[in-house]
Amino acid sequence: MHMGFRLILALAALCQASSLTFSRLHSLLPPSISSACPRVEILAPLLLSPSLLLLPPPASAAPPEMRFTGTYDDLLHPSCVRMITVVPTQAVDAKSRKVKVFRATFRGTDVGPAGIGDKVMLACDEESIKKYGLREFEFEGRIEGGSVDAGDGIHEGEYASVKDGDSFEGIRWKDGNRWIKKPNVDEP
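Remember, it's a predicted structure, so these values are computed and weren't measured experimentally.

Definitions and cut-offs
Residues numbered from 1 in each chain as written. Predicted model: local features only at pLDDT ≥ 70, side-chain atom pairs only at ≥ 80, totals over all residues. Heavy atoms only, no water. Helix = DSSP H or I, 4+ residues; strand = E, 2+ residues; numbered from the N terminus. Buried < 20%, exposed > 50% of the residue type's maximum accessible area, 1.4 Å probe, protein only. Polar contact = N/O pair within 3.5 Å; in protein donor to acceptor, adjacent residues only side chain to side chain. Contact = heavy atoms within 4.5 Å. Pairing = 2+ DSSP bridges. Axes fitted to C-alpha atoms, helices over the stretch in contact; angles between N-to-C directions. Phe/Tyr/Trp six-rings, centres within 6.5 Å; stacked < 30°, edge-to-face > 60°. 1 Å grid on protein atoms, 1.4 Å probe; cavity = no way out; pocket = protein on both sides within 12 Å on 5 of 7 lines; lining within 4 Å. Points joined across faces, edges and corners; volume = space filled by probe spheres on them. Nonpolar A, V, L, I, M, F, W, Y, C, P; charged D, E, K, R; others polar.

Within the element layout of this structure, Lys181 appears in strand β8 (residues 178–181). Given a relative accessible area of 19%, Lys181 falls into the buried group. At a separation of 2.5 Å, a polar atom in the side chain of Lys181 contacts the main-chain carbonyl oxygen of Arg67. Residues in contact with Lys181, not counting those within four places in the same chain, are Arg67, Phe68, Thr69, Gly70, Thr71, Tyr72, Tyr159, Glu169 and Gly170.

Structure, rendered in structure tokens:
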């Protein structure tokens, strides 16, 4: 590979990872290096163009199933903990091919005994905890695209996204409940 082209690729990667523009970074180089590639300002926009895919996609480009990972506010159970962790795993499909499967672990807290009804609306507040007791739960589920299914006939739903025209970001459950996703601490 020609040294000038390698230099352009290296500079393009550096620009992508920093806030410097390509031309500014090129101007900071010693003349001996910058003269090795005098047409850098023409090639830079082409190399940085996502449509050419000469550079790898940003590390933040995760599969859509991963958007389920996070903590939520449960509208039917205010102040109760709702957390989902998604882990991609390998499985074998019906044709003996390896496929990626997304397993979800649901963790949280509720008040009252397990299985006390289809639609219990109890908050995890001091009064309810004192009256009914607080319990923790955990169960597994599967996520495929924008759908989640715990296999229990209750926890089935779809991911709702403001980007897709929904009024909230989170999960719309089959029973009508909504879990509103809380912003991650490290998100802007």
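Here the focus is the sheet that holds strand β1 (residues 70–74). Strand order in the closed barrel made by the eight strands is β1-β2-β3-β4-β5-β6-β7-β8, with antiparallel pairing throughout. The average angle at which neighbouring strand axes cross in this sheet is 35°, direction not considered. Pairing analysis gives three bridges linking strand β4 (residues 134–144) to strand β5 (residues 147–149), with the strands arranged antiparallel. Bridging from a neighbouring strand, Arg142 pairs with Asp149 of β5.

Relative to the helices and strands, Glu156 resides in strand β6 (residues 156–160). Given a relative accessible area of 23%, Glu156 falls into the partly exposed group. Distance from Glu156 to Arg172, taken between C-alpha atoms, is 8.7 Å for residues 16 residues apart in sequence. If near-sequence neighbours (up to four positions away) are discounted, Glu156 is found in contact with Val148, Asp149, Arg172, Trp173 and Lys174.

This part takes up the packing of aromatic side chains. In the structure shown here, the tally under the stated rule is seven aromatic pairs. Centroid distance Phe106 to Phe139: 4.6 Å. Interplanar angle 10°. Geometry classified as stacked. Placement of the pair is Phe106 in strand β3 (residues 98–111) and Phe139 in strand β4, with a sequence separation of 33 residues. You'll find Phe106 and Phe139 in the same group, each marked buried. The interplanar angle of 65° and the centroid separation of 6.4 Å between the aromatic rings of Phe106 and Trp179 together place this pair among those described as edge-to-face. Placement of Phe106 in strand β3 and of Trp179 in strand β8 is noted, with a sequence separation of 73 residues between them. Classification of Trp179 as buried rests on a relative accessible area of 3%. Grouping aromatic residues by their ring pairs yields a cluster made of Tyr72, Phe106, Phe137, Phe139, Trp173 and Trp179.

Here the focus is the layout of surface pockets. The volume enclosed by the second largest pocket comes to roughly 300 Å³. A class-by-class count of the residues in the lining of the second largest pocket yields five nonpolar, three polar and seven charged.

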